[in-house]
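What follows is the residue order along each chain.
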Amino acid sequence: MPELPEVEMRRRFVETHALSLRIKRVAVPAPSLLDGVSAQTLRRALTGQVFETTHRHGKWLFVRTSAGRWLVLHFGMTGSLGCYPTRDAAPRFVRMRFDFANGLSLAFIDPRKFGKVGLTNDVQSFLQDRRWGLDPTAPGFDRAAFHQILRGRSGLLKAVLMNQRVIAGIGNLYADEMLFQAGLHPAARVEDLKPATVDRLYDAMTEAFAASLAVDTDYERLPERFLLRHRNGAGTCPKCGGTLASLANAGRTAYYCPRHQRKRS
DNA sequence: AATTCCTCCTGATAGC
DNA sequence: TGCTATCAGGAGGAAT
């Protein structure tokens, strides 16, 4: 479930619940989530340290330890965080657990186990090595940068928006939201976009992220005009009240309003 | 370079 | 009630 705003919420969660606490123990009930490190290496890197600062890039969350290394978290489809007293009954699906000396635990919860947990010495080189795209909320990502990124590309617009090596942080739901607000059909292609349409997409992106964060990613509290509020079940278009349609491409389901999102626009 | 398909894993829901 | 099929806010890798 987590896209950029949801991962940002998890970053804030770490900030408020897990900083400056001595790590007493690291439990790894689901080693398959480990990405590029062994459980032993992870334990040695973290035990006795404290988490000091956080950083988010797209859907990646980094937490710096007092030893200077960074814990790397990716939440996949169903990853989230929890904080509770170590001695309490654990919530379901705890896949990784950091027990602090003060009796609290930070849990990485992930029913489907698509998440990843790793370590890196340097965030910038981690991002460069994997060639992730720019984070749209980072300084420097402005309208001109958005135009620059899409220039010269071709293919399904939605696939490009969701390609983390192009832009880091947009997933299926926010891509649908952008297309809806910009009045573009889910099968729209990048090479057909006019500059004014790219402007609309940029505005839709920044608005959607800002609005979502303003309500702590609780879609129920979003203004009516956002598709995110109406995407479930037999949703209706917030502009005309008509029934939303859906369409699958590359295995992902797009929801859209056939009246406002035409092939040609 | 773009596109499709398959895979990882588990739970919720819909249909019979 | 029980079974089965389908779908889910992600993404890497292979094949075309």
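Criteria and cut-off values
- Residues numbered from 1 in each chain as written.
- Chains lettered and ligands numbered in written order.
- Predicted model: local features only at pLDDT ≥ 70, side-chain atom pairs only at ≥ 80, totals over all residues.
- Heavy atoms only, no water.
- Helix = DSSP H or I, 4+ residues; strand = E, 2+ residues; numbered from the N terminus.
- Buried < 20%, exposed > 50% of the residue type's maximum accessible area, 1.4 Å probe, protein only.
- Contact = heavy atoms within 4.5 Å.
- Salt bridge = Lys/Arg side-chain N within 4 Å of Asp/Glu carboxyl O.
- Near = heavy atom within 4 Å.
- Polar contact = N/O pair within 3.5 Å; in protein donor to acceptor, adjacent residues only side chain to side chain.
- Nonpolar A, V, L, I, M, F, W, Y, C, P; charged D, E, K, R; others polar.
- Domains from an automatic or database assignment.
- Buried area = accessible area lost by both parts, 1.4 Å probe.

1. Some words on the overall build of chain A
Stage number 1. Helix and strand counts for chain A come out as seven helices and ten strands.
Stage number 2. Referenced to the eigenvectors of the C-alpha coordinate spread, the extents of chain A come out at roughly 60 × 35 × 30 Å.
Stage number 3. Looking at chain A as a whole, 52% of its 265 residues are labelled buried.
Stage number 4. Sequence separation of at least 24 residues holds for 64% of the intrachain contacts in chain A that already meet a minimum separation of 6.

2. Here we look at the pattern of salt bridges
Stage number 1. Overall, the coordinates contain 16 salt bridges when judged by the stated rule.
Stage number 2. With a shortest N-O distance of 3.6 Å, arginine 25 and aspartate 99 are connected by a salt bridge. Remark: aspartate 99 occurs in strand 6 (residues 94-100) and arginine 25 occurs in strand 1 (residues 23-27); sequence separation between them is 74 residues.
Stage number 3. Assessed through its relative accessible area of 45%, arginine 25 is described here as partly exposed.
Stage number 4. Between aspartate 176 and lysine 158 there is a salt bridge, with the nearest N and O atoms lying 2.7 Å from each other. Residue aspartate 176 is located in helix 6 (residues 172-182), and its partner lysine 158 is located in helix 5 (residues 157-162); the two are separated by 18 residues in the primary sequence.
Stage number 5. Judged by relative accessible area, which is 2%, lysine 158 ranks as buried.
Stage number 6. Beyond isolated ion pairs, a larger network of salt bridges with shared partners links Glu8, Arg11, Arg12, Glu15, Arg56 and Asp135.

3. Focus on the protein's contact with DNA strand B
Stage number 1. Arg92, Phe93, Arg95, Pro111, Arg112, Lys113, Phe114, Ser154, Gly155, Leu156 and Arg189 make up every residue found near DNA strand B.
Stage number 2. Within 4 Å of the protein, the contacting atoms of DNA strand B are drawn from sugar and phosphate to the extent of 62%.
Stage number 3. One of the backbone nitrogen or oxygen atoms of serine 154 is found 3.2 Å away from a phosphate oxygen of DNA strand B.
Stage number 4. Within the backbone of leucine 156, one N or O atom sits 3.3 Å away from a phosphate oxygen of DNA strand B.
Stage number 5. Residue composition of the surface near DNA strand B, by class: four nonpolar, two polar and five charged.

4. Points about the side chain of threonine 54
Stage number 1. With respect to the helices and strands, the residue threonine 54 is situated in strand 2 (residues 51-57).
Stage number 2. Of the polar contacts made by the side chain of threonine 54, one reaches the side chain of arginine 11; its length is 2.9 Å.
Stage number 3. Within the local environment of threonine 54, its side chain forms a polar contact with the side chain of glutamate 15, the two groups lying 2.5 Å apart.
Stage number 4. Every residue in contact with threonine 54, bar those within four places of it in the chain, is listed here: Arg11, Val14, Glu15, Leu19, Phe62, Val63 and Trp70.

5. A closer look at helix 6
Stage number 1. Counting buried positions along helix 6 gives nine out of eleven residues, so the element sits mostly inside the fold.
Stage number 2. For helix 6, the full list of buried residues reads Asn172, Tyr174, Ala175, Asp176, Glu177, Met178, Leu179, Phe180 and Ala182.
Stage number 3. For helix 6, the elements touching its buried residues are helix 1 (4-17), helix 4 (143-150), helix 5, helix 7 (195-214) and strand 10 (252-256).
Stage number 4. Positioned one or two residues after helix 6, glycine 183 has a phi angle of 70 degrees, which is positive.

6. A short note on the domain arrangement of chain A
Stage number 1. Entries for chain A in the domain assignment read domain 1 (4-129) and domain 2 (143-256).
Stage number 2. The straight-line distance from the C-alpha centre of domain 1 to that of domain 2 is 30 Å.
Stage number 3. Facing the ten residues of domain 1 at the interface are 13 residues of domain 2.
Stage number 4. Across the domain 1/domain 2 interface, buried area totals approximately 870 Å², and carbon plus sulfur atoms make up 68% of it.
Stage number 5. Linking domain 1 with domain 2 are zero salt bridges, by the criterion used here.
Stage number 6. Linking domain 1 with domain 2 are four residue pairs in polar contact (both at pLDDT 80 or more).

7. A few points about the environment of asparagine 232
Stage number 1. Looking at the secondary structure, you find asparagine 232 in the loop between helix 7 and strand 9 (245-249).
Stage number 2. Note: C-alpha distance between asparagine 232 and valine 26 (206 residues apart in sequence) is 38 Å.

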